[in-house]
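# Coordinate analysis (summary)
Chain by chain, the residues run as shown.
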Amino acid sequence: MNRYIRYGVLGISFGLCTIQSCKKGFLDENLVTSLNTDDFKTQQGLDALVTGMYQSLRFHFNYEWAYTTTEYGTDEFQVGGDRTMEMWNSYSSNLNSQTAHARDIWDNMYGNINSANIVIENVPKYYGGGIDKDTRLGEGYFMRAFDYFKLVKQYGGVPLKLTQSTSVERAFTRASEQQVYQQVIDDFTKAYDLLPETPAATGRITKYAAAHFLAKAYLFRASELYDSWNSETKEADLRNAVKYADLVINSGHYSLAPNYSDLWNFEAVDGPNEQLNEIILAAQFSNNTATQGRYGNQVHLYYPSVYQNLPGMQRDIPGDREFQRMRSTDYLLDVFDRVNDSRFWKSFKTSYLCNKPSGAPKWTADYAPNASEIGQPKFAGGQESIRYIVNGAGDSRYTADNINYRAPSMYVHYFSGEANNYKGEHGNYTTSQYVALSKFMDGSRSTVASQFGQRDGILARLAETYLIAAEAYGRLGEYDKALPYINKVRDRAAYKDGEDRSFYVDGGVAYKNNSSANAATYVSYSDHNTYYESNNLPETTKGSTLNEMHLNSVTDIFNSTHDFYDVLGVSSNEAKFIAFILNERSRELAGELMRWEDLARTKTLIKRDNAFNVEATPTDKDYLRPIPQSFLDAIQIDGSALSADQKEAMQNPGW
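Model, not experiment: these values are computed from the prediction.

### Let's talk about the overall build of the protein chain
Check the secondary structure of the protein chain and you find 20 helices and 13 strands. Referenced to the eigenvectors of the C-alpha coordinate spread, the extents of the protein chain come out at roughly 85 × 55 × 55 Å. A total of about 23,400 Å² of accessible surface is found on the protein chain, and carbon and sulfur atoms cover 47% of it. Here the protein chain holds 65 positive side-chain charges and 81 negative ones, and the gap between their average locations is 2 Å.

Below you can see the structure in the form of structure tokens.
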């Protein structure tokens, strides 16, 4: 059980946690008792408080704020069939200082910051000795840095509260971005110095998690959003980004998963894919219903497209609940080399099998393969019922009429004669029928209707560490030094000799047989995508020994055909490199709840949305989120509420 006492108006609270149990799920707590503030002056109470702080990592995967503040309104995803949160994509007037998720991020980050402040103040006084003392203190510094890093990325300069709150406080002023970033870097550095190399339990923070985020903080501070004040620190920051990334890469504790699909092949709660050496930090979820909290991991809900109302289909557990929030953009489909880059086919779902044979459509006289098929079902249970073709412009094979000769429900990206149009309608994809990201599909749920996902939420993995170092070197103009880091990621992405290019993972092998509460006789999903047909290639199971993903020189970056230099209007090597690295981050990290922050810090949000997102119309004010109105209404100056002018001065420009 977790109880919360709230002090002040920053959303500050601290968790009154229960005594932890043993198990990976050190978060899978058994109810013992509630704690009070005096308990935080004991070693046992501080241990419990730190355990409660880890609960805050789950927040980033809990609910709709997970994607609205990180993926909507970017070049990767646009609004699907459900428009509930469209304002975060369109940047309409409905996105304002009173919009709920802006406050959710603010309140939850400050709540955990107060817990971190208690830990940082009390551990030196009350914890005693031993290595656990340094670890608890390091965890406190990490959590404070992590949460302030989130706040500065979303809101810019925010109030810096570095002592614990013991009573209601109403007088706050905003620190500058420079001050917040310095605090983030100082705290991550202390965390790195204090934390152990290896965790005492799965999911606990190590010094290398601190190093990863320290490298990321240095890279962010050196980015374009802060050009008005970061010129004196930029080169040193980029060198430090490389330094701390290399500490992770060369630590001997981490390595890339052999196959990109290993990351997403969720076989069991706490199973192999959650133990990969690539994972540096993950929010821990489990099948312990007593401690799953209010939400569980809900990211799996937001990416799937609708399948349940198509012929021969009904919603089932492995197919997931399709909230159809996040429709993949044309940019995201086309940024991949879909012939050679396995990451596309291991990230998106393009084929479904019939799980409701009674609902299968029947051949009509106009389209039946022969007279004997007229009136017969087009497919049986277990046969393909939905097929998405991810072809390119200029493909002459498909028309709106001839796809009716195919048995499955056919969705084609480009019909014959259609040209590239990254913001227009073409083919027969719709807001509800689109190629859906499959990375987070969660078949572990106990019922078809359940929203409570149980797979861990990855917050940091080694592939991103390589890309951080690569970007830092590229920003320094040392492109040759960036190349090995980029190739490390791309070499893993390439199909290997003999690899079956039609194989994909859509939520995990073991859970494909989870038929609990499934009203239909369960039929396993296909193990194949539409690789060969989409690419118009003869079907074969053998891959080439030639690695077409490997970059032989930096000219391969500047001459890339998959990086939209013309569309984005970039011509210098410096601009091309930033475009390339942002595109490589899409190829590697698509949908992993980072994109808005990347586009904001590089000040490419407006240009990329104008090019690739049909509804998004950001302006300069949208490089920061609005400060929540609830905060502005509650704080005081000299004992008085803020005037309208003072609130406007405290608010981000334009909001």
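### Looking at the nonpolar core
Formed by 172 residues in total, the largest nonpolar core has its most connected members in F142, L151, F188, L281, I486, I557 and F577. Apart from the residues within four sequence positions on either side, I486 is in contact with A470, L551, I557, F577, F580 and I581. Core analysis: the next-biggest nonpolar cluster, separate from the first, contains 6 residues, Y398, I403, M410 and V412 among them.

### Regarding the packing of aromatic side chains
A full pass over the atoms with the stated rule returns 51 aromatic pairs. Their ring planes at 20 degrees and their centres at 4.6 Å tell us that F59 and W65 sit as a pair that is stacked. Each member of the pair, F59 together with W65, is buried. Members of the aromatic cluster, each reached through a chain of ring pairs, are F142, F146, F149, Y181, F188, F213, F220, Y226 and W229.

### Description of the packing of helix 1 (residues 43–62) against helix 5 (residues 131–155)
Running from amino to carboxyl end, helix 1 crosses helix 5 at an angle of 30 degrees, the nearest separation of the two axes being 11 Å. As judged from the angle between their axes, helix 1 and helix 5 are roughly parallel. Of the two elements, helix 1 crosses helix 5, and the hand of that crossing is left-handed. Here D47, V50, M53, Y54, S56, L57 and H60 of helix 1 come into contact with helix 5, specifically with R136, E139, G140, M143, F146 and K150. Split by residue class, the contact of helix 1 with helix 5 holds 6 nonpolar, 3 polar and 4 charged.

### A look at the sheet that holds strand 9 (residues 409–412)
Read across the sheet, 3 strands follow the order 7-8-9 without closing on themselves; strand pairing throughout is mixed. Two strands bound the open sheet, and with one partner strand each, they are strand 7 (351–353) and strand 9. Averaged over all neighbouring strand pairs, the angle between strand axes comes to 5 degrees, with direction disregarded. Summarising the sheet, strand 8 (residues 384–389) and strand 9 pair through 4 bridges and their orientation is parallel. Counterpart to Y388 in the pairing with strand 9 is Y411.

### Re helix 7 (residues 207–221)
Over its 15 residues, helix 7 runs 21 Å from end to end, which matches the ideal 21 Å to within 8%, given 1.5 Å per residue. For helix 7, a buried count of 15 out of 15 residues is recorded, marking the element as mostly surrounded by other parts of the structure.

### Some points on helix 5
Owing to its 3.6 residues per turn, the α-helix brings residues three or four apart onto one side. For helix 5, with 25 residues, the first-to-last C-alpha span of 36 Å sits near the 36 Å given by 1.5 Å per residue. Most of helix 5 is tucked away: 21 of the 25 residues are buried. Positive backbone phi, at 80 degrees, marks G156, one or two positions downstream of helix 5.

### A look at the packing of helix 8 (residues 234–249) against helix 11 (residues 462–475)
Two elements in contact, helix 8 and helix 11, have axes whose closest approach is 9 Å; the angle formed by their N-to-C orientations is 150 degrees. Taken together, the axis directions place helix 8 and helix 11 in an arrangement best described as roughly antiparallel. The chirality of how helix 8 crosses helix 11 is left-handed. Of helix 11, the residues touching helix 8 (which contributes L238, R239, A241, V242, A245, V248 and I249) are L462, T465, Y466, I468, A469, A472, Y473 and R475. Of the residues assigned to the contact of helix 8 with helix 11, the class counts are 12 nonpolar, 1 polar and 2 charged.

### Notes on the side chain of T329
Relative to the helices and strands, T329 is located in the loop between strand 5 (326–328) and helix 9 (330–334). A polar contact is formed between the side chain of T329 and the backbone oxygen of D75, at a distance of 2.5 Å. Setting aside anything within four residues of it in sequence, one finds T329 in contact with D75, E76, F77, Q78 and F612.

### A closer look at the environment of N402
Tracing the backbone shows N402 in the loop between strand 8 and strand 9. For N402, a relative accessible area of 26% puts it in the partly exposed group. For the pair N402 and Y367, spaced 35 residues apart in sequence, the C-alpha to C-alpha distance is 8.6 Å. In terms of polar contacts, N402 uses its side chain to reach the backbone carbonyl oxygen of R397, at 3.1 Å.

### Some words on unusual backbone geometry
Negative phi is the rule for most residues except glycine; trans is the rule for most peptide bonds. Notably, D320 is not glycine yet its phi reads approximately 75 degrees, a positive angle. You can see D320 is positioned in the loop between strand 4 (279–283) and strand 5. Looking at D320, the relative accessible area reads 0%, which means it is buried. With phi around 65 degrees, L593 is a residue other than glycine that occupies positive phi space. Position of L593 among the secondary structure elements: in the loop between helix 16 (573–589) and helix 17 (595–601). Relative accessible area serves as the criterion here: at 13%, L593 is assigned to the buried category.

### Let's talk about the environment of F580
Topologically, F580 is positioned in helix 16. For the pair formed by F580 and M410, sequence separation is 170 residues and the distance between their alpha carbons is 33 Å. When neighbours within four sequence positions are excluded, F580 is seen to be in contact with I486, R490, L551, I557, D563, Y565 and R587.

### Focus: the side chain of R387
Within the secondary structure layout, R387 lies in strand 8. Polar contacts involving the side chain of R387 include one to the side chain of E533, which spans 2.8 Å. Filtering out sequence-adjacent residues up to four positions away, R387 remains in contact with T350, R406, P408, S409, M410, Y411, N529, T530 and E533.

### Quick notes on the pattern of salt bridges
Side-chain pairs of opposite charge can arise whenever the charged atoms involved come near each other. In total, this model carries 49 salt bridges according to the counting rule given. Note that R475 and E224 form a salt bridge whose closest N and O atoms lie 2.9 Å from each other. Of this pair, R475 sits in helix 11 while E224 sits in the loop between helix 7 and helix 8, placing them 251 residues apart in sequence. Where K439 meets E592, a salt bridge forms, and the shortest distance between an N and an O atom there is 2.8 Å. A residue pair is termed long-range when its members are at least 10 positions apart, and K439 in the loop between strand 10 (436–437) and strand 11 (457–461) and E592 in the loop between helix 16 and helix 17 qualify at 153 residues.

### Considering the confidence of the model for the protein chain
Per-residue pLDDT for the protein chain has a mean of 90; in total, 90% of the residues score no lower than 70. A low-confidence stretch, residues 1–8 stays under pLDDT 50, and its non-local contacts, those more than four residues away or across chains, total 32 contacts. Note that pLDDT drops below 50 for residues 12–24; the model gives that stretch 74 contacts with residues more than four away or on any other chain.

Rules used in this analysis
- Residues numbered from 1 in each chain as written.
- Predicted model: local features only at pLDDT ≥ 70, side-chain atom pairs only at ≥ 80, totals over all residues.
- Heavy atoms only, no water.
- Helix = DSSP H or I, 4+ residues; strand = E, 2+ residues; numbered from the N terminus.
- Areas by Shrake-Rupley, 256 points an atom, 1.4 Å probe, with all protein chains shown as cover.
- Lys, Arg positive; Asp, Glu negative; His and termini not counted.
- Charge placed at Lys NZ, Arg CZ, Asp CG, Glu CD.
- Core = buried A, V, L, I, M, F, W, Y, C linked by side-chain atoms within 4.5 Å.
- Buried < 20%, exposed > 50% of the residue type's maximum accessible area, 1.4 Å probe, protein only.
- Contact = heavy atoms within 4.5 Å.
- Phe/Tyr/Trp six-rings, centres within 6.5 Å; stacked < 30°, edge-to-face > 60°.
- Axes fitted to C-alpha atoms, helices over the stretch in contact; angles between N-to-C directions.
- Parallel < 35°, antiparallel > 145°, perpendicular 65-115°, else oblique.
- Left-handed = near helix turned anticlockwise from the far one by under 90°.
- Nonpolar A, V, L, I, M, F, W, Y, C, P; charged D, E, K, R; others polar.
- Pairing = 2+ DSSP bridges.
- Expected span 1.5 Å × (residues − 1).
- Polar contact = N/O pair within 3.5 Å; in protein donor to acceptor, adjacent residues only side chain to side chain.
- Salt bridge = Lys/Arg side-chain N within 4 Å of Asp/Glu carboxyl O.
- pLDDT = per-residue confidence, 0-100.

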